[in-house]
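Listed here are the chains, written in short residue letters.
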Amino acid sequence: MSPLVGPVGGDVEVVLALGANLGDREGTLRAALAELDETEGVAVQGVSPLVETDPVGGPEQPDYLNLVATARTSLGPFELLDVCHEVERQHGREREVRWGARTLDVDVIAYGRPGSTSEVVSADPALTLPHPRAHERAFVLSPWSQLVPDAQLRLPDGSVRPVADLLAEAADRDGVRSC
Ligand SMILES: Nc1ncnc2c1ncn2[C@@H]1O[C@H](COP(=O)(O)OP(=O)(O)OP(=O)(O)O)[C@@H](O)[C@H]1O
Ligand SMILES: Nc1nc2c(c(=O)[nH]1)N=C(CO)CN2
């Protein structure tokens, strides 16, 4: 049986978080957005302002540029994750150290709006939905709430909370700067 709970496919609203802290960070993020949008079955709807952020976790590493994009997709969750990984690969992403520096990271934050018929909730480590750490990461919550001020996120405990409220509680919020 599939570990995913919820419908798969259709035209679903998704939230993606992008980050880069090596190379031409802004150029990579812009190119990645274009590549996502050019992918069949993915249409980028909105892009947040860029934020510069102190690295959270991992070894000492350069500051990140982060942004959040909303998109609509006819892809299933794992197909969408594959697309994200392919775009990362196009930009030379290597997976060596957990939370280490990277040319590009593309995470699936949410698939379907909380409470909607299209929402997918998954505890599968290969694709956990919503992203299991998004609710505590100001480098995701800040750009997301700038793009969608009334955005809501389902937490790992099952509750649904406004992203703006989660941002106010995020430990790394002072490490997020407007560009
Ligand atoms: N919602 C999700 N979005 C992206 N990857 C996910 C998600 N849930 C689980 N994963 C899995 O996590 C694995 C590691 O992803 P990645 O290398 O991007 O982690 P990371 O960015 O270093 O850390 P973090 O997972 O804390 O953001 C991926 O291979 C993927 O299968
Ligand atoms: N500031 C910042 N810190 C991070 C980031 C990120 O995108 N921005 N990504 C991580 C793993 O996904 C770990 N730490």
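Keep in mind that this is a model prediction, so the values were computed, not measured.

Chemist: If you had to explain the overall build of the chain to someone new, which residues and values would you point to?
Modeler: In terms of helices and strands, the chain carries 4 helices and 10 strands. The N-to-C order of helical and strand elements in the chain reads β-α-β-β-β-α-β-β-β-α-β-β-α-β. Its C-alpha radius of gyration of 15 Å places the chain within 12% of the 16 Å reference for a compact globule of 179 residues. Each principal axis of the C-alpha atoms in the chain carries an extent, and together these give about 40 × 35 × 30 Å. Within the chain, the fraction of its 179 residues that count as buried is 47%. Counting contacts in the chain only where the partners sit at least 6 residues apart, residues at least 24 apart contribute 69% of the total. Only carbon and sulfur atoms are counted for the fraction: they give 50% of the accessible area of the chain, which is about 8600 Å². Distance between charge centres in the chain, computed from 15 positive and 29 negative side chains, equals 4 Å.

Chemist: Report on the site of ligand 1, specifying residues and quantitative values.
Modeler: The environment of ligand 1 is made up of 16 residues, and the closest members are W99, V108, A126, R133 and R137. Contacts to ligand 1 include D107, whose side-chain N or O atom sits 3.2 Å from an oxygen atom. The separation between a nitrogen atom of ligand 1 and a polar main-chain atom of V108 is 2.8 Å. Out of a free accessible area of 620 Å², ligand 1 has 83% covered by protein chains.

Chemist: Can you break down the site of ligand 2 residue by residue, with the values?
Modeler: Ligand 2 sits among T53, D54, P55, V56, Y64, N66, W99, R102, D105, D107, R137 and F139. At 2.7 Å, a backbone N or O of V56 approaches a nitrogen atom of ligand 2. Here N66 contributes a side-chain N or O atom positioned 2.8 Å from an oxygen atom of ligand 2. When the free accessible area of ligand 2 is taken as 330 Å², the share hidden by the protein chains comes to 96%. Those elements that place two or more of their residues in the shell around ligand 2 are β4 (64-73) and β5 (105-111). Residues belonging to the shell around ligand 2 are distributed by class as follows: 5 nonpolar, 2 polar and 5 charged.

Thresholds, definitions, all that
- Counting restarts for each chain, with residues numbered from 1 along the sequence as it is written.
- Each chain gets a letter, beginning with A, and each ligand a number, beginning with 1, in the order they are written.
- The model is predicted, so local features are restricted to residues of pLDDT at least 70 and side-chain atom pairs to those at 80 or more, both for listing and for counting; the totals for chains, interfaces and linings are taken over all residues.
- Based on all heavy atoms of the structure, the side-chain values leave hydrogens and waters out of the count.
- Where helices and strands are cited, they refer to DSSP runs of H or I of at least four residues and of E of at least two residues respectively, numbered from the N terminus.
- In this description the radius of gyration comes from C-alpha coordinates, and the expected globular size is given by 2.2 Å times residues to the power 0.38.
- Accessible area is worked out with a 1.4 Å probe on protein chains only. A residue is then buried under 20% of its type maximum, exposed over 50%, and partly exposed in between.
- Two residues qualify as a contact provided that any one of their heavy atoms is within 4.5 Å of a heavy atom in the partner residue.
- Method for areas: the Shrake-Rupley scheme with a 1.4 Å probe, in which residue coverage is limited to the protein chains shown.
- In this tally, Asp and Glu contribute negative charge and Lys and Arg positive charge; neither His nor the terminal groups of the chain are included.
- Charge positions come from single atoms, namely NZ of Lys, CZ of Arg, CG of Asp or CD of Glu.
- We define proximity as follows: a residue is near a molecule or strand when any one of its heavy atoms falls within 4 Å of that partner.
- Here a polar contact is recorded for every N or O atom pair within 3.5 Å, except that within protein the pair must consist of a potential hydrogen donor and a potential acceptor, and residues adjacent in sequence are included only if both atoms are side-chain atoms.
- Note on residue classes: Ala, Val, Leu, Ile, Met, Phe, Trp, Tyr, Cys and Pro are nonpolar, Asp, Glu, Lys and Arg are charged, and everything else, Gly too, is polar.

Everything listed here is a matter of geometry and, on its own, says nothing about what the molecule does.
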